[in-house]
Amino acid sequence: MSERTGEPAIRAKGVRVSRGGREVLHGLDLEVAAGSVIGLMGPSGCGKTTLMRSIVGVQRIDSGELTVLGRSPSDPAVRHEIGYVTQAVSVYGDLSVRANAAYFAALQGSSRADADEAIATVGLADLADRPVDRLSGGQASRASLACALVGLPRLLVLDEPTVGLDPVTREDIWTHLRSLAEQGVTLLVSSHVMDEAARCDSVLLMREGDLLAHLTPAELLERAGTTNAEDAFLTLIREGGER
Ligand SMILES: Nc1ncnc2c1ncn2[C@@H]1O[C@H](COP(=O)(O)OP(=O)(O)O)[C@@H](O)[C@H]1O
Ligand SMILES: [Mg+2]
C-alpha cells in the first residue's frame, strides 16, 4: 500500500550535522518512498545513528532541509507518527513486556488495547507478563519493537534491530518487519550486516558521513559485478573512497 499523497516519507537536501564539534554528516541528499523497507547500511561510525536521530527529530541539524512525512521532524504532529527503536535496548528490564508497552502507550496517548495489539503483532502475547530481563535477546528485541508500535506509526525507524542475534531470530524479526511494511508502514532499518540488504526494497549506502548510493539490492549486486552482498558493499565503499 503506498501513500495517498505520493509524497516521499523522508526527504533530505544538503543535510549537515555535527556532533562533539565535528561534522559527521556532510550534506546528505536523499528521497525515500513511502510504504517501503529501506536499508541504511555502512560501516560502524559512518553516521547511520546520527541520520536516524535527525529523522526522528532528536538531533539538531546544522544546515540543509529535512522533511519527514511532509513536515519538519521537530513538528510535534509528526513525532506521533514516527516509531523509533534505538540501538541499545530501551525497555525496562524489570518490567513485564505488557508494562513496558503500556508505559509507551501512556507517553504516546495510546490505549492499553493498542499496547496489547502491538505485543500480539510481534508475537509476544504468551510472554506479555514476563519481565524483559527474563526474555531471550530476540524476544527482548521484539519487546522494544512492540513499544515502538504502540503509537501506530506511519514511519518506523529501527537502529540495528538484529545486531547480535542468531540467524533464526533475525529471520523472525524480518518476518515481523515485512508484515508491517505490507500494512503500509515505511521502515528505515540500519544494519552493518550487509547480507540484510537483500531483505530491503532499496538500500542507502553510507561511508564516512556521505551517501554513496541509493539502489535496489539487485542494482547493488549488478553494479559491483558479484552475487554476494558483502563483496558488493566492499566494492562500492572502495569506489566511494576513490572519488
Ligand atoms: N555523542 C557523540 N559525540 C560526539 N561524536 C559522536 C557522538 N556520537 C557519535 N559520534 C561520532 O559521529 C560519527 C557517526 O556516528 P554514528 O552516527 O553513531 O555512526 P554509526 O551509527 O554508523 O555507527 C562517528 O564518528 C562518531 O564517533
Ligand atoms: Mg549506530
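Parameters at a glance
- Residues numbered from 1 in each chain as written.
- Chains lettered and ligands numbered in written order.
- Predicted model: local features only at pLDDT ≥ 70, side-chain atom pairs only at ≥ 80, totals over all residues.
- Heavy atoms only, no water.
- Phe/Tyr/Trp six-rings, centres within 6.5 Å; stacked < 30°, edge-to-face > 60°.
- Buried < 20%, exposed > 50% of the residue type's maximum accessible area, 1.4 Å probe, protein only.
- Salt bridge = Lys/Arg side-chain N within 4 Å of Asp/Glu carboxyl O.
- Helix = DSSP H or I, 4+ residues; strand = E, 2+ residues; numbered from the N terminus.
- Donors = N, O, S within 2.8 Å, 3.2 Å for Na, K, Ca; no water.
- UniProt positions renumbered as here; feature names shortened; annotations may be inferred.
- Domains from an automatic or database assignment.
- Contact = heavy atoms within 4.5 Å.
- Buried area = accessible area lost by both parts, 1.4 Å probe.
- Polar contact = N/O pair within 3.5 Å; in protein donor to acceptor, adjacent residues only side chain to side chain.
- pLDDT = per-residue confidence, 0-100.

Trainee: I'd like to hear about the packing of aromatic side chains, residue by residue, with values.
Mentor: Aromatic ring pairs are reported here in terms of the distance separating the ring centres and the angle at which the planes meet. In this structure the tally under the stated criterion is 2 aromatic pairs. Considering the side-chain rings of Tyr103 and Phe104, the 5.8 Å spacing of their centres and the 85 degrees angle between planes classify their relative orientation as edge-to-face. Taking the relative accessible area as the measure of exposure, Tyr103 reaches 36% and is therefore partly exposed. One aromatic cluster in this structure is built from Tyr92, Tyr103 and Phe104.

Trainee: So what's going on with the pattern of salt bridges? Residues and values would help.
Mentor: What the rule picks out here adds up to 14 salt bridges. With a shortest N-O distance of 4.0 Å, Arg154 and Glu7 are connected by a salt bridge. With Arg154 in the loop between α5 (137-149) and β6 (155-158) and Glu7 in the segment before β1 (10-19), this pair connects stretches of sequence that are 147 residues apart. The salt bridge involving Arg207 is made with Glu208; its shortest N-O contact spans 3.7 Å. For Arg207, a relative accessible area of 23% puts it in the partly exposed group. Take Glu208: its relative accessible area is 55%, and that puts it in the exposed class. Salt bridges sharing partners connect three or more residues here, namely Glu7, Arg71, Glu81 and Arg154.

Trainee: Account for the coordination of the magnesium ion (ligand 2), naming residues and giving values.
Mentor: Protein coordination of the magnesium ion (ligand 2) is provided by Thr49 (OG1) and Gln87 (OE1), with donor distances spanning 2.0 to 2.4 Å. Taken together, the residues span a long stretch of sequence, with Thr49 in helix α1 (residues 48-55) and Gln87 in the loop between β5 (82-85) and α3 (97-108) at a distance of 38 residues.

Trainee: Give me the UniProt feature "domain: ABC transporter" (unreviewed entry) in the protein: which residues, what numbers.
Mentor: UniProt tags residues 10-233 as "domain: ABC transporter" (unreviewed entry). From the first C-alpha to the last, residues 10-233 spans 23 Å; its make-up is 34% helix and 26% strand.

Trainee: Account for the domain arrangement of the protein, naming residues and giving values.
Mentor: The assigned domain composition of the protein is domain 1 (7-81 + 153-232 + 239-243) and domain 2 (88-151). For domain 1 versus domain 2, the separation of C-alpha centres amounts to 24 Å. Contacts between the two partners involve 12 residues from domain 1, matched on the other side by 12 residues from domain 2. Summed over both partners, the interface of domain 1 with domain 2 buries about 960 Å², with 68% contributed by carbon and sulfur atoms. Of all residues in domain 1, the largest losses of buried area upon contact with domain 2 belong to His80, Pro153 and His176, amounting jointly to 43% of the total for that side. On inspection of domain 1 and its partner domain 2, the count reaches 1 salt bridge. Counting across the domain 1 and domain 2 interface gives 3 residue pairs in polar contact (both at pLDDT 80 or more).

Trainee: Kindly report on the confidence of the model for the protein, identifying the contributing residues and their values.
Mentor: Here the protein shows a mean pLDDT of 89. Residues at 70 or above account for 97%. The lowest-confidence element of the protein is helix α8 (residues 229-242), averaging 77 in pLDDT; the highest-confidence one is β1, averaging 98.

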